[in-house]
Amino acid sequence: MAGTLTQPTAKTVTTLADGRQLIYYDGGEAVPRDAVDRRPLDPPAHGSEVRLDPATGAWVTVAAHRQARIYQPPAEECPLCPSRDGRLSEIPADDYQVAVFENRFPSLAGTGELGADGPGVPGAFGAPVEPDGGLWTAGPGTGRCEVVCFTADHDASFADLDEQRARLVLDAWTDRTAELSALPGVRQVYCFENRGAEIGVTLAHPHGQIYAFPFTTPRTARMAARAVEHRAATGRSLFDDLLAAERAHGDRVVLAGEHWTAFVPFAARWPYEVHLYPHRRVPDLTGLDEPQRAEFPALYLELLRRFDRLFGGGRTPYISAWHQAPAGQEDELALHLELFTIRRTADKLKFLAGVESGMDAFVNDVTPEDAARRLREVAL
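Residues numbered from 1 in each chain as written. Predicted model: local features only at pLDDT ≥ 70, side-chain atom pairs only at ≥ 80, totals over all residues. Heavy atoms only, no water.

1. Things to note about the nonpolar core
Move 1: Core analysis: the biggest nonpolar cluster contains 51 residues, and Phe 158, Trp 173 and Trp 322 have the highest contact counts within it.
Move 2: If we skip the residues at most four places from it in the chain, Trp 173 touches Val 148, Phe 150, Phe 158, Cys 191, Ile 210, Leu 285, Phe 296, Tyr 300 and Trp 322.
Move 3: If you look at the next biggest cluster of nonpolar residues, it comprises 15 residues, including Leu 22, Cys 81, Val 147 and Leu 203. (Core = buried A, V, L, I, M, F, W, Y, C linked by side-chain atoms within 4.5 Å. Buried < 20%, exposed > 50% of the residue type's maximum accessible area, 1.4 Å probe, protein only. Contact = heavy atoms within 4.5 Å.)

2. Here we look at the pairing of strand 2 (residues 21-27)
Move 1: Counting buried positions over the 7 residues of strand 2 gives 5, a clear majority of the element.
Move 2: With 7 bridges connecting them, strand 1 (residues 9-15) and strand 2 associate as antiparallel partners. The partner of Thr 12 across the bridge, within strand 2, is Tyr 24.
Move 3: Connecting the antiparallel pair strand 1 and strand 2 is a turn made up of 5 residues, with Gly 19 showing a positive phi of about 95°.
Move 4: With 4 bridges connecting them, strand 2 and strand 5 (residues 98-102) associate as antiparallel partners. Each residue of the ladder has a partner; that of Leu 22, found in strand 5, is Phe 101. (Helix = DSSP H or I, 4+ residues; strand = E, 2+ residues; numbered from the N terminus. Pairing = 2+ DSSP bridges.)

3. Notes on helix 1 (residues 163-181)
Move 1: Its 19 residues give helix 1 an end-to-end C-alpha distance of 27 Å, which sits within 8% of 27 Å, the value for a rise of 1.5 Å per residue.
Move 2: Of all the 19 residues making up helix 1, 14 are buried; the element is thus mostly covered by neighbouring parts of the structure. (Expected span 1.5 Å × (residues − 1).)

4. Describing the pairing of strand 9 (residues 188-195)
Move 1: The element strand 9 is largely enclosed, with a buried count of 6 among its 8 residues.
Move 2: Two elements, strand 9 and strand 10 (residues 207-213), share 5 bridges in a ladder whose sense is antiparallel. What sits directly across from Gln 188, in strand 10, is Phe 213.
Move 3: Note: strand 9 against strand 14 (residues 318-323), 4 bridges, orientation antiparallel. Across the sheet, the residue bridging to Phe 192 is Ala 321, located in strand 14.

5. A short note on the packing of helix 1 against helix 4 (residues 290-309)
Move 1: Running from N to C, helix 1 and helix 4 point in directions that differ by 125°, and their axes come no closer than 9 Å. With respect to each other, helix 1 and helix 4 are oriented oblique. Our pair here, helix 1 against helix 4, has a crossing hand that is right-handed. Of helix 4, the residues touching helix 1 (which contributes Glu 163, Ala 166, Arg 167, Leu 170, Asp 171, Trp 173 and Thr 174) are Glu 290, Arg 293, Ala 294, Phe 296, Pro 297, Ala 298, Tyr 300 and Leu 301.
Move 2: Among the residues forming the contact of helix 1 with helix 4, the class breakdown is 9 nonpolar, 1 polar and 5 charged. (Axes fitted to C-alpha atoms, helices over the stretch in contact; angles between N-to-C directions. Parallel < 35°, antiparallel > 145°, perpendicular 65-115°, else oblique. Left-handed = near helix turned anticlockwise from the far one by under 90°. Nonpolar A, V, L, I, M, F, W, Y, C, P; charged D, E, K, R; others polar.)

6. Quick look at the pattern of salt bridges
Move 1: Per the stated rule, a full pass over the model turns up 34 salt bridges.
Move 2: Ionic pairing is found between Lys 11 and Asp 175, a salt bridge with its closest N-O pair at 2.7 Å. Of this pair, Lys 11 sits in strand 1 while Asp 175 sits in helix 1, placing them 164 residues apart in sequence.
Move 3: The shortest N-O distance in the salt bridge between Arg 51 and Glu 49 comes to 2.6 Å.
Move 4: On the basis of relative accessibility, which here comes to 23%, the residue Glu 49 falls in the partly exposed class.
Move 5: Several salt bridges share partner residues, and in doing so they unite Lys 11, Glu 102, Arg 144, Glu 146, Asp 175, Arg 176 and Glu 179 into one network. (Salt bridge = Lys/Arg side-chain N within 4 Å of Asp/Glu carboxyl O.)

7. Examining the packing of aromatic side chains
Move 1: Applying the stated rule across the entire model yields 19 aromatic pairs.
Move 2: Judged by centre distance (5.3 Å) and plane angle (55°), the ring pair of Trp 260 and Phe 296 falls under tilted. In this pair, Trp 260 is assigned in strand 12 (residues 260-263) and Phe 296 in helix 4, connecting sequence segments 36 residues apart. Accessibility classification places Trp 260 together with Phe 296 in one group, the buried group.
Move 3: Aromatic ring contacts, followed pair by pair, group Phe 150, Phe 158, Trp 173, Trp 260, Phe 296, Tyr 300 and Trp 322 into a single cluster.
Move 4: Over the face of the ring belonging to Tyr 24 we find Arg 33, whose NZ or CZ atom lies 4.7 Å from the ring centre. (Phe/Tyr/Trp six-rings, centres within 6.5 Å; stacked < 30°, edge-to-face > 60°. Lys NZ or Arg CZ within 6 Å of the ring centre and 35° of its normal.)

8. Digging into helix 4
Move 1: Helix length check: helix 4, at 20 residues, gives a terminal C-alpha distance of 30 Å against a target of 28 Å (1.5 Å per residue), a fit within 8%.
Move 2: Along its length, helix 4 shows its largest kink, about 35°, at Phe 296, and proline Pro 297 lies within four residues downstream of that point. (Bend = angle between axes of the 7 residues up to and from the residue.)

This is the structure:
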């Protein structure tokens, strides 16, 4: 899979003091990026593992070393701000546009051999850990975790970016998807953003993350199974049919362009949840063409700004998640973005209670049709 930076974008690759990779993305002509990381850093700690739940077939990552990661530091100690005025951070430069670097406390790190469905299958890098080869299967937590800094402005958010910067972030996501997908042992690449302390964000600086998994994640595996069933029953793509049905029905469509449509799904799990689909189905970000890339920033920024207007202003906590096809399932899984908030009213959050946390059976407090109507009403 080859990645391309389709607009004038400069990419500068360097390393941090402990050997981790740092990549600058700059719109337009190249910017000199020769600042050196002067921090006395020890090599990053790894040592995570993945374990297969024998009852569900889901992989669980165990990464005890992450207990030591930094947690909600004051703004003057933010590790994602540029290095200025004698304060050294993860970004040696005194300014940047978009920066991506390997997480200092990664859940997954290193590479391994790719098996058919993950690290616990025959021929993969996992191995049974029970002496008699019974129920317990585990393997090293190989993969990669990266941090994506959207802007050098500590007090901004993604919704504050202009379209040119949002496009630069899209190009960075695409480039990283291409490179990470090509790493040995990587099965699925997941780009996402968590925003807000209510979500559990540990750093306030506007940023997202990218995980390169050695397995197919549980939600994606369920989607894939449904897509295969739908294809067998109808001969059509599940995701093509979902998009066509929502566009034809219309009640849950929030906004639409020539190349993308955003809608609240029929069985939304969260109070305000929007899925954004390209009209031309592609398996991942690398498959988007230039018209799709060009239209995305304006639509996505409008969605984020509507989320912020839902509850009378302020910044709404949210998770924004890119769903991309795992290796070997490119024909069935379709690229789309899922954006949702845990806020259900201005002063109430939706916590995952017993049925959600214990049974994965969601109960939504807002009808999807009302959520879509409300998101249309807050358009300027």
